[in-house]
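Chain residues, written in single-letter form:
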Amino acid sequence: MKVKPLHDRILVKRLEERETKKGGIIIPDSAKEKPQEGEVIAVGPGKVGDDGKRQPMDVKVGDKILFGKYSGSEVKLDDEEFLIMREEDVLCVLQ
């Protein structure tokens, strides 16, 4: 399925968190927090400013990003889970 976010929204796929075990304790998947790191899959054209000009997006497809814990809306497309969020919810781009 092809998805094109509108305005200043982006489609993000969460990256799997690296498994770390401290002190031999294994935490079950149901108790783990969801990762706050993701990869940008699709980007909207940008927000239209008060002057009528479109502001370019700072993130692009393929960027690895960090986002807030409760950012975005979860959606399921083709049996995969994604997040749709505004560009302002992105905390930083990982390089």
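See above for the structure.
All figures in this text were calculated on a predicted structure; none of them were measured in a lab. Note that residues are indexed from 1 along each chain, following the sequence as it is written. Local features in a predicted model are, by the rule used here, given only for residues with pLDDT of at least 70; side-chain atom pairs are given and counted only at 80 or more, and totals for whole chains, interfaces and linings are based on all residues. Hydrogen atoms and water are omitted, and side-chain values are computed over all heavy atoms in the structure.

Between Lys or Arg on one side and Asp or Glu on the other, a salt bridge is scored when a side-chain nitrogen of the former is within 4 Å of a carboxyl oxygen of the latter. Inspection of the entire model under this criterion finds five salt bridges. Note that E80 is salt-bridged to K13, the shortest N-O span being 2.2 Å. Taken together, the residues E80 in strand 5 (residues 80-86) and K13 in strand 1 (residues 9-14) connect sequence positions 67 residues apart. For every residue, the accessible area obtained with a 1.4 Å probe (protein chains only) is divided by the maximum for its type, and the residue is called buried under 20%, exposed over 50%, and partly exposed between those limits. Exposure remark for E80: the relative accessible area of 34% places this residue in the partly exposed category. The numbering of helices and of strands both runs from the N terminus, where a helix is a DSSP run of H or I of at least 4 residues and a strand a run of E of at least 2.

Strand pairing is assigned whenever DSSP identifies at least 2 bridges connecting the two strands. Pairing geometry for strand 4 (residues 73-77) and strand 5, over five bridges, is antiparallel. Bridge pairing links L77 to E80 in strand 5.

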